[in-house]
Amino acid sequence: MTTTTTLDDVSAALPSSLPSSLPRPPGELERLEKPWRRPTGWRFVTRVDNTSIGLLYIGTALLFFLLAGILGLMMRTQLAVPENTLLSASVYNQVFTMHGTVMMFLFAIPIVEAIAVFLLPNMLGARDLPFPRLSAYAYWAYAIGGLAFFCTLFFGLAPDGGWFMYPPLTSKQYSPGLNADFWLLGIGFIEISAIAGAIELIVGILFTRAPGMTLARMPVYAWAMLVVAVMIVFAFPAIIAGTTLLEMERAFDWPFFIAERGGDPILWQHLFWFFGHPEVYIIFLPAAGMVSTMIPSIAGTPLVGRKAIIVALVAVCFFSFALWAHHMFTAGLGVMTMSFVSAASMAVAVPTAIQVFGWIATLWRGKVTMNAPALFLGGFMFIFVLGGLTGVMVALLPFDWQAHDTYFIVAHLHYVLVGGMVFPVFAALYYWLPLIKGQRLSERVAKWTFWLMFGGFNIAFFPMHVTGLLGMPRRVYTYPTEMGWDWLNLVSTLGAFILAAGVLLFLIDVVRTLRRPERPVGNPWNAATLEWLPTEAYATRSIPEVKSADPLWDQPNLAEQVEAGQHYLPGTASGQRETIATSPIAGKPSYLLILPTDGWLPFVAAAGTAGFFLLLTAKMNVTAWACGIAAVVSTVAWLWGSDRKPPILEARVSDTLVLPVGARGTASHSWWGTIIMLVVDATIFASFVFAYIHISMRLEVCPPPSASLPALRWPMLSSALLVAGSGLMLWAGRSIGKRRLPWLALAATGCVAASFLVDLHGYQLAGLAPRTLAWSATIAALLSYQGLHVIILAIAGPYLAARAWSGRLGPNSRATLDNTALIWHYTTLQGIALALAVHIVPLLME
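The model shown is predicted, which means the values in this text are computed figures rather than measured ones.

A. Just the environment of proline 121, in detail. Positionally, proline 121 belongs in helix α4 (residues 89-124). On the basis of relative accessibility, which here comes to 1%, the residue proline 121 falls in the buried class. With 313 residues separating them along the chain, proline 121 and proline 434 place their C-alpha atoms 17 Å apart.

B. View of the packing of helix α3 (residues 50-79) against helix α17 (residues 486-514). Axis separation between α3 and α17 bottoms out at 9 Å; the angle between their running directions is 155°. Between α3 and α17, the angle falls in the class roughly antiparallel. Of the two possible hands of crossing, α3 and α17 adopt the one that is left-handed. Contacts from Phe65, Leu66, Leu73, Arg76, Thr77 and Leu79 in α3 reach Asn489, Ser492, Thr493, Ala496, Phe497, Ala500, Val503 and Leu507 in α17. The class makeup of the residues in the contact of α3 with α17 is 9 nonpolar, 4 polar and 1 charged.

C. Molecular detail of the confidence of the model for the chain. With 98% of its residues at a pLDDT of 70 or more, the chain shows a mean pLDDT of 92. A low-confidence stretch, residues 1-16 stays under pLDDT 50, and its non-local contacts, those more than four residues away or across chains, total 23 contacts.

D. Quick peek at the pairing of strand β2 (residues 589-594). In this structure, strand β1 (residues 578-582) lies alongside β2, joined through 5 bridges in antiparallel fashion. Looking at the pairing, glutamate 578 lines up with isoleucine 594 of β2. The turn joining β1 and β2, which pair antiparallel and follow one another in sequence, is formed by 6 residues; a positive phi near 70° is taken by glycine 587.

E. Focus on helix α21 (residues 621-640). For α21, built from 20 residues, the straight-helix expectation of 28 Å at 1.5 Å per residue is met to within 8% by its first-to-last C-alpha distance of 28 Å. For α21, the set of buried residues is Ala624, Cys627, Gly628, Ala631, Ser634 and Trp638. End-on, the buried residues of α21 take up no more than an arc of 130°, which puts them together on one face. In α21, the exposed residues that point more than 90 degrees away from the buried face are Val622, Ile629 and Val633. At its buried positions, α21 is contacted by α5 (132-151) and α20 (601-617).

F. Examining the packing of helix α8 (residues 265-299) against helix α14 (residues 407-432) more closely. Where α8 meets α14, the axes come as close as 9 Å, and the angle between the chain directions of the two elements is 40°. It follows that α8 is oblique to α14 by the angle criterion. Our pair here, α8 against α14, has a crossing hand that is left-handed. For the pair α8 and α14, contact is made by Val280, Ile283, Phe284, Ala287, Met290, Val291, Thr293, Met294 and Ser297 and by Val416, Leu417, Gly420, Met421, Pro424, Ala427, Ala428, Tyr431 and Trp432, respectively.

G. Focus on helix α12 (residues 372-394). In this model, α12 (23 residues) spans 33 Å end to end at C-alpha, consistent with the 33 Å of a helix rising 1.5 Å per residue. A distance of 3.1 Å separates the backbone nitrogen of alanine 374 from a side-chain oxygen at the start of α12, and that oxygen is part of asparagine 371.

Here is what the cut-offs are and how they apply
- Residues numbered from 1 in each chain as written.
- Predicted model: local features only at pLDDT ≥ 70, side-chain atom pairs only at ≥ 80, totals over all residues.
- Heavy atoms only, no water.
- Helix = DSSP H or I, 4+ residues; strand = E, 2+ residues; numbered from the N terminus.
- Buried < 20%, exposed > 50% of the residue type's maximum accessible area, 1.4 Å probe, protein only.
- Axes fitted to C-alpha atoms, helices over the stretch in contact; angles between N-to-C directions.
- Parallel < 35°, antiparallel > 145°, perpendicular 65-115°, else oblique.
- Left-handed = near helix turned anticlockwise from the far one by under 90°.
- Contact = heavy atoms within 4.5 Å.
- Nonpolar A, V, L, I, M, F, W, Y, C, P; charged D, E, K, R; others polar.
- pLDDT = per-residue confidence, 0-100.
- Pairing = 2+ DSSP bridges.
- Expected span 1.5 Å × (residues − 1).
- Arc of directions from axis to C-beta.
- Polar contact = N/O pair within 3.5 Å; in protein donor to acceptor, adjacent residues only side chain to side chain.

Here is the structure:
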């Protein structure tokens, strides 16, 4: 057996020599190319590699940008003149709701994740992200579900309660149709898709960086996406919990937001804006990371204040969660709460300003070439700074009370979002589009595009500040002529069409450029980051060793060395798709990660998931459940083919380094992916607990006189059964290769199922009536969430038993067992936490 070289030995030996300086054996390149060949024709839907999925993601997000833009033009046409009858009030409400929803949920978040999926592996020096099939699943769920959701507009079924969907307007009493249900279920699973992408990005950034790329050397864009992915993990569960509660209210008449039965509409605002305001920075920070990556290339000098900018990214993340009530200053919150949020709203300007000053200093120190990316970056800084100034204005309580729900807020919102995200994205498209076919967009056309977009945007949205200060409220479909808003609205409409002309010109240039023949990409901007290394379907010929934060500048021969196979993993050790997993902080080689290949299962699972939610909303129950079963079966089959015994146990990845193939436990990327998923899970549960506490605090007496809690013996027995199930799973983890393992898994399944039945029996004896009181409904929601986990474990237990009986669980293929055990122990903790929360909150309120 080959002796594995230690990492300390490698660190001492490599600085003065290349990892693989010996001549490469003949046929090595052909062997590397074989597993990375991509399906062609209609089988493209089976692709899972980051380049294919990233390009599909970007194209679909831009399609939704165009569709939302068309809806925006319809709104502006309606408001161009007073008392216009082009759109009726009901149609305008649908168009208005879909414009905001598509822009925020189907364009803004997906485009930043799409660009990250496309760019990050090459920028990090990896062959692909660690869970390619998860990326494919996330994309197809988003694309199929998003397009079906948009088509509700053509059947009069589009949501019409605003993209914020405030109850009681969206409750069953005031929105009896299916319109609101499509928003709640459609957006809910689209957000799940975004969370899946965030898990992929976190694990990819931490575990698949090139050897030598420490966190300190990692590109600022990768830092930005790491921060954003963490924000998604903690922010998006709140909107998932909120949409679940509102859909439960509509479907089962559980009155979470109905004041007459103890509910509170303000609860929705808390859950929505705990997601909604961090989302503004989730959109902005990736754009800021792109800017921090492009500006050094444009200026020809390293980024000024690089460490300060990275710290500022983290600080923005921290502040963004402290100011969700920024949007609720008129909702009747306490003075102390509003003052705290107001201070946080102003404080967030400090780390943002640090980034802006760093960019300006870099441009000042370097020699700027006024090309297309530079134009759009200049426009971004002008527009975003103006949006930030009005943001400080609305952070002041007295001003916000006057400007709230006027067109001043519409102007501020668009200056921040369009200036802070759309203009940097267009700069990024100009900057990175040569990676596709080696062709740059026209500089002459770019100047026309920029000035049409920049001029049109300011003509459209700057007058809205004045319109709002003159008293024009948001969300109105028409207005009388005597209000004096006529000419301002007409100017805004003209500006919107000028902006649209710029976008159209850009699209024409993109189509024209992509139809040109392919040519070598090279490094057209003289950039410093790794994505400009020569790449093929397998990414780089060898995985580079990184020695600085600007590798292409500080290692001028790196491209030639990588292309010659003189760095890590110049071929394929196992004959499959591979990349090197490195340590999260130091970037030291850890193990060889074998990647999954193309296949139908992610596409079928995603289509089934989208079909289940959307068809269930449309009351097509039989077809919906057929789609749901297809999704579950495809997912189980997908997982069944994973976690196989590796074809080899060790792999030589350079002349001096041998690595193990795969890892187990805390060293494994899949273990950490499961941990992150459980953090999302726990945040959703915490949102339900928050709803229970919020509703309880509105009561004069808790529990209310007409309700009661089960006797303590029932939650104690339930918790004991959960602990017993976890104990059996711990025993199973020590029983790999033994006959008792499947029986332990089945016994643990019986324990968790019995635990839930005990809970149900206890609450039935207590007379839980979720349709009567919101307080009881919140307990029922918590119990339902625990029940969902019981169903998952009821599938996981027999699944583990089947894998054990088939011989698929072994010392080198135990990730399924380890990760399932994590979910099992989390379910135990969640069940105990549920019992404690339900029983302790009333005691604290006595």
